[in-house]
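Here is what each chain is made of, one letter per residue.
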There are 2 protein chains.
Amino acid sequence: MGTRKFFLDALLAEFATLLLYFLRTMKSDLPRLMQERNLDAAVIFGVDGLGAANTAFTYFVGDAHVSSGYVVLQRDGAQLRQTLVHRGMEREEAAKAGMPLVNYEHYRMPDIIKSLRGDRRAAQVELLRRLFGDLGVAGRVGFYGADSVGRSFNLLNDLSRAEVCEVVVESENDLLTAARRTKDAHEAGLIRQSVRLTENVIGATRDFLRAQRVVDGALVKADGVPLTIGDAKAFIRRSALDAGLNYHDCIFSTGRDSAIGHSIGTPSDVIRQGKTIVFDIYPPGPGGYYADITRTWCVGYAPDHVQQAYETVMHVHNAAEHAFVVGKLTHDVQEMACDMFEAAGHATNRSNFGSVSGYYHGLGHGFGLDVHEAPYMALRGTRPDEFFERGTIICNEPGLYYPDDSRGGWGVRVEDDYWCDENGTFVRLSEFDRTLVI
Amino acid sequence: MGTRKFFLDALLAEFATLLLYFLRTMKSDLPRLMQERNLDAAVIFGVDGLGAANTAFTYFVGDAHVSSGYVVLQRDGAQLRQTLVHRGMEREEAAKAGMPLVNYEHYRMPDIIKSLRGDRRAAQVELLRRLFGDLGVAGRVGFYGADSVGRSFNLLNDLSRAEVCEVVVESENDLLTAARRTKDAHEAGLIRQSVRLTENVIGATRDFLRAQRVVDGALVKADGVPLTIGDAKAFIRRSALDAGLNYHDCIFSTGRDSAIGHSIGTPSDVIRQGKTIVFDIYPPGPGGYYADITRTWCVGYAPDHVQQAYETVMHVHNAAEHAFVVGKLTHDVQEMACDMFEAAGHATNRSNFGSVSGYYHGLGHGFGLDVHEAPYMALRGTRPDEFFERGTIICNEPGLYYPDDSRGGWGVRVEDDYWCDENGTFVRLSEFDRTLVI
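Residues numbered from 1 in each chain as written. Chains lettered and ligands numbered in written order. Predicted model: local features only at pLDDT ≥ 70, side-chain atom pairs only at ≥ 80, totals over all residues.

Novice: Tell me about the nonpolar core, residues and numbers included.
Specialist: Core analysis: the largest hydrophobic core is formed by 236 residues, its most contacted members being Ala42(A), Ile44(A), Ala42(B) and Ile44(B). Among the elements that make up this core, the one with the highest residue count is helix α9 (residues 185–210) of chain B (seven residues). With near-sequence residues (within four places) excluded, Ala42(B) lies in contact with Met34(B), Leu73(B), Val141(B), Gly142(B), Tyr144(B) and Leu175(B). (Core = buried A, V, L, I, M, F, W, Y, C linked by C-beta atoms within 7 Å. Buried ≥ 20, exposed ≤ 12 C-beta atoms within 10 Å, placed from the backbone. Helix = DSSP H or I, 4+ residues; strand = E, 2+ residues; numbered from the N terminus. Contact = placed C-beta atoms within 7 Å.)

Quick look at the structure:
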């Protein structure tokens with residue numbers, strides 16, 4: 001009997017765990033996520049100067065041009081009450097965020113400062129005490145968003161000391177990381193649009209390269225001057241901006257640079273036949289949602305060792321794609337990629353930590369309002385455990401890099417984007433041709 | 001004798017204070033600023049995702065494409081030792097920052113995590129303990145930069161508890177605010193370039209508006225369709241991007257919108273004769289340094305009440321420009337502006353806090369890598385005291401706003417940019433024509 005009960009309990013525990021895997025953790029799940037953390041309220045800092053980079057705030061205010069304020073979330077059973085606290089000057093932009101508003105000026109900060117004899121730091125605490133009182137924010141309150149390290153550290157300590165509320169500061173897997181780890185259909189739709197626009201830029205860039213003449217193995221422009229990485233990047237920039245993408249820069253690097261993970265390329269480098277070009281482009285598109293796609297190209301021909309590496313990379317790429325299964329630990333796919341690369345004779349970050357050749361990075365990461373966000377595929381133990389689930393958005397980007405190869409440095413990476421739909425099926429969002437030689 | 005000594009002491013104290021006013025507080029002054037704060041070292045967080053918005057980090061790494069790491073400053077007498085701690089993948093980009101490098105991977109985080117039985121939070125502290133030990137970072141260490149509120153709060157508390165160093169967290173007027181409050185000639189040169197490029201965009205936009213036909217008081221395009229705010233913004237965007245500015249958006253608003261501080265304009269609004277257009281454009285240019293310029297225009301003619309408001313605004317603008325004097329409290333100029341606007345019969349944020357009409361904002365602010373940074377001109381007591389000094393970069397932007405005027409809402413703001421040069425002379429950097437009617 002005892003054994004049987006143990007078996008049943010284990011089965012139930014397993015079932016409960018499995019159930020959790022299948023639960024989507026998106027914005028609509030915030031009340032449940034707050035309950036799990038025993039949070040009565042959550043405050044998300046919006047900070048002048050950080051702008052759209054403060055994506056925890058953008059997650060709630062969207063495209064509204066609100067430079068500073070607070071988003072306050074309150075759990076009311078299975079419902080979520082949201083309030084946007086904003087500056088008076090931004091009242092009409094704040095209204096676009098579509099949630100109840102509180103004008104910060106209502107609290108008359110200059111008067112509070114005067115009443116506290118000029119102590120601005122105490123006045124900040126007093127203003128939040130009054131605001132929280134009016135909103136009914138009390139109990140365990142979590143704090144999120146980005147801010148200057150000093151300001152937020154002091155403010156949270158002050159709030160705690162003044163007993164304005166119980167200040168809860170989460171580390172890994174915090175409320176917003178958990179909510180943002182999966183995307184709802186609306187978010188996935190925006191990402192799909194970003195992917196499509198980004199692929200148009202990749203296609204235009206390939207056509208642009210193909211349209212150049214070749215002289216002595218180098219691409220040359222109509223005026224006979226060799227085509228450089230800088231020229232290609234100018235073309236990419238224009239194409240991306242014309243497509244309405246919020247483009248800043250990309251990785252477009254050749255030869256040795258293409259073997260260095262985050263090298264963005266050397267503008268003066270000439271584009272030559274038979275040299276690898278790693279083109280990794282990650283612009284935010286509609287609603288601020290990113291795409292993240294990489295193609296590796298060789299103009300004209302690919303040397304044998306590059307062709308072989310490309311095939312190894314695509315072998316891992318395909319295997320990873322098939323390993324994306326709801327309920328599986330994301331890190332298991334990174335471990336699998338290391339197994340495969342090591343079996344093919346390449347160093348990995350697991351076999352040789354800190355190596356600058358072979359395969360030395362994570363196999364992929366989630367993306368959304370940030371270009372890197374949960375979940376991550378990493379070596380087991382180095383990041384929190386995360387699972388593939390419905391709503392997962394993730395990229396798959398195996399690569400091989402040999403900066404110091406005596407035949408000349410080279411790198412290969414192929415990166416595609418995936419969404420796990422409502423049925424638990426992983427859909428590849430990026431469809432652009434992956435042929436190496438162009 | 002006692003009285004005389006007191007008088008001499010007071011004089012010396014006054015002299016020392018005055019001397020401080022005249023000392024420039026720029027990057028080269030960091031050793032002195034650290035000494036004043038009794039800091040042995042300073043650590044500036046660089047955080048993946050925040051990118052260039054984390055300007056405390058950008059201040060040191062510049063254009064180098066370094067997405068995460070730490071800048072460590074150590075005081076060595078009058079010298080400053082700088083180190084950039086970076087990820088291995090970004091080693092070549094990190095090298096562009098031009099300071100000694102430490103590769104974070106050298107500390108083999110996965111091994112530290114294993115040795116601490118999977119405790120990633122403790123491993124982070126242990127890694128910093130080893131890094132600080134190797135660099136000789138000890139004693140009082142200040143922490144700066146932007147980060148997620150939760151991560152930095154926990155990390156600083158952990159470092160303090162583990163006695164890795166004495167964690168110093170400044171509030172107002174912190175080390176980097178103080179250093180960045182004034183600009184050296186190189187920074188001023190970059191800002192001057194941004195101003196010039198931005199003025200070219202303003203000029204092109206004025207020519208674009210002038211080139212349209214007028215039908216029934218509305219501007220219409222060649223195809224006979226009325227010209228909208230959206231059309232103008234599309235033109236501005238293209239001009240700014242062509243000029244190489246890192247443009248995102250601007251305030252280009254008309255009628256009632258132009259009376260609402262941070263309203264960025266309604267794309268479908270038609271541009272009409274006799275209506276105010278507030279055009280406030282603030283793009284980062286070379287090196288990430290901003291310009292911030294506003295012009296108010298009326299196409300064809302300006303109604304009398306708008307013309308009168310424009311003259312009042314320019315009266316304050318000119319008076320403020322003359323009040324920029326080394327050693328003066330910046331807030332005094334805001335108080336003066338309030339005096340002048342109130343004397344002209346307008347409500348101000350001082351006479352009627354929270355008012356949404358009249359003059360309701362600060363007269364100006366510093367700018368540099370952030371579009372809003374120290375010093376500020378604000379009501380006395382509401383912000384830390386700051387003084388005009390050599391190296392000050394500040395804008396001057398008086399305005400009047402009447403969203404609910406029965407004749408139709410309108411707003412007027414004129415904003416120019418200034419630099420206090422090495423001789424203590426305030427130079428107006430923006431020269432674009434300020435005529436109201438175009």
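What follows picks up the thread again.
Novice: Give a description of unusual backbone geometry that names residues and reports values.
Specialist: Residues and elements named next belong to chain A. Cis rather than trans, the peptide bond between Ala374 and Pro375 has omega equal to 0 degrees. In this structure, Arg117 is a non-glycine residue whose phi angle is positive, near 50 degrees. Tracing the chain through its elements places Arg117 in the loop between α5 (109–115) and α6 (120–135).

Novice: Outline the interface of chain B and chain A, listing residues and values.
Specialist: At the junction of the two partners, chain B supplies 52 residues and chain A supplies 52 residues. Only α4 (91–95), α5 (109–115), β5 (140–144), β6 (146–148) and α7 (149–161) of chain B provide two or more residues apiece to the side of chain B that touches chain A. Considering each element in turn, the side of chain B that touches chain A owes the most residues, six residues, to α7(B). Inspection of the sheet shows strand β6 (residues 146–148) of chain A paired to β6(B) by three bridges, in the antiparallel sense. Looking at the pairing, Asp147(A) lines up with Asp147(B) of β6(B). (Pairing = 2+ DSSP bridges.)

Novice: How would you summarise the confidence of the model for chain A if you had to cite specific residues and measurements?
Specialist: Taken over all residues, the pLDDT of chain A has a mean of 93, while the share at 70 or more is 94%. Confidence drops under a pLDDT of 50 for residues 16–24 of chain A, and excluding neighbours within four residues, the segment shows 13 contacts in the predicted structure. (pLDDT = per-residue confidence, 0-100.)

Novice: Describe the packing of α9(B) against helix α10 (residues 229–242) of chain B, naming the residues involved and giving the relevant values.
Specialist: Residue and element names in this part refer to chain B. Running from amino to carboxyl end, α9 crosses α10 at an angle of 145 degrees, the nearest separation of the two axes being 10 Å. For the pair α9 and α10, the crossing hand works out as right-handed. Here α9 contributes Val201, Ala204, Thr205 and Phe208 to the contact with α10, which in turn contributes Ala232, Phe235, Ile236, Ser239 and Ala240. Residue composition of the contact of α9 with α10, grouped by class: seven nonpolar, two polar and no charged. (Axes fitted to C-alpha atoms, helices over the stretch in contact; angles between N-to-C directions. Left-handed = near helix turned anticlockwise from the far one by under 90°. Nonpolar A, V, L, I, M, F, W, Y, C, P; charged D, E, K, R; others polar.)

Novice: A description of the environment of Asp304(B) should follow, citing residues and the corresponding values.
Specialist: Checked against the element boundaries, Asp304(B) lands in helix α11 (residues 304–323). Separated by 30 residues in sequence, Asp304(B) and Gly274(B) place their C-alpha atoms 10.0 Å apart.

Novice: If you had to explain the sheet that holds strand β11 (residues 276–281) of chain A to someone new, which residues and values would you point to?
Specialist: Residue and element names in this part refer to chain A. Ordered by their spatial adjacency, three strands build an open sheet running β10-β11-β12, and the pairing between neighbours is antiparallel. Taken across any chain shown, the strands that pair with only one partner, and hence form the sheet edges, are β10 (251–254) and β12 (293–298). Here the strands of the sheet are splayed against their neighbours by 10 degrees on average, with no regard to which way each runs. Relative to β11, β10 runs antiparallel, the two being bridged by four bridges. What sits directly across from Phe252, in β11, is Phe279.

Novice: How would you summarise the relation of the copies chain B and chain A if you had to cite specific residues and measurements?
Specialist: Once chain B is rotated about the relating axis by 180 degrees and shifted along it by 0.0 Å, it coincides with chain A to within an RMSD of 0.0 Å. The transformation just described matches what one would write down for a two-fold rotation axis. A share of 100% of interface residues in chain B that are also interface residues in chain A marks the association as one of identical surfaces. (Least-squares fit on C-alpha atoms with pLDDT ≥ 70 in both.)

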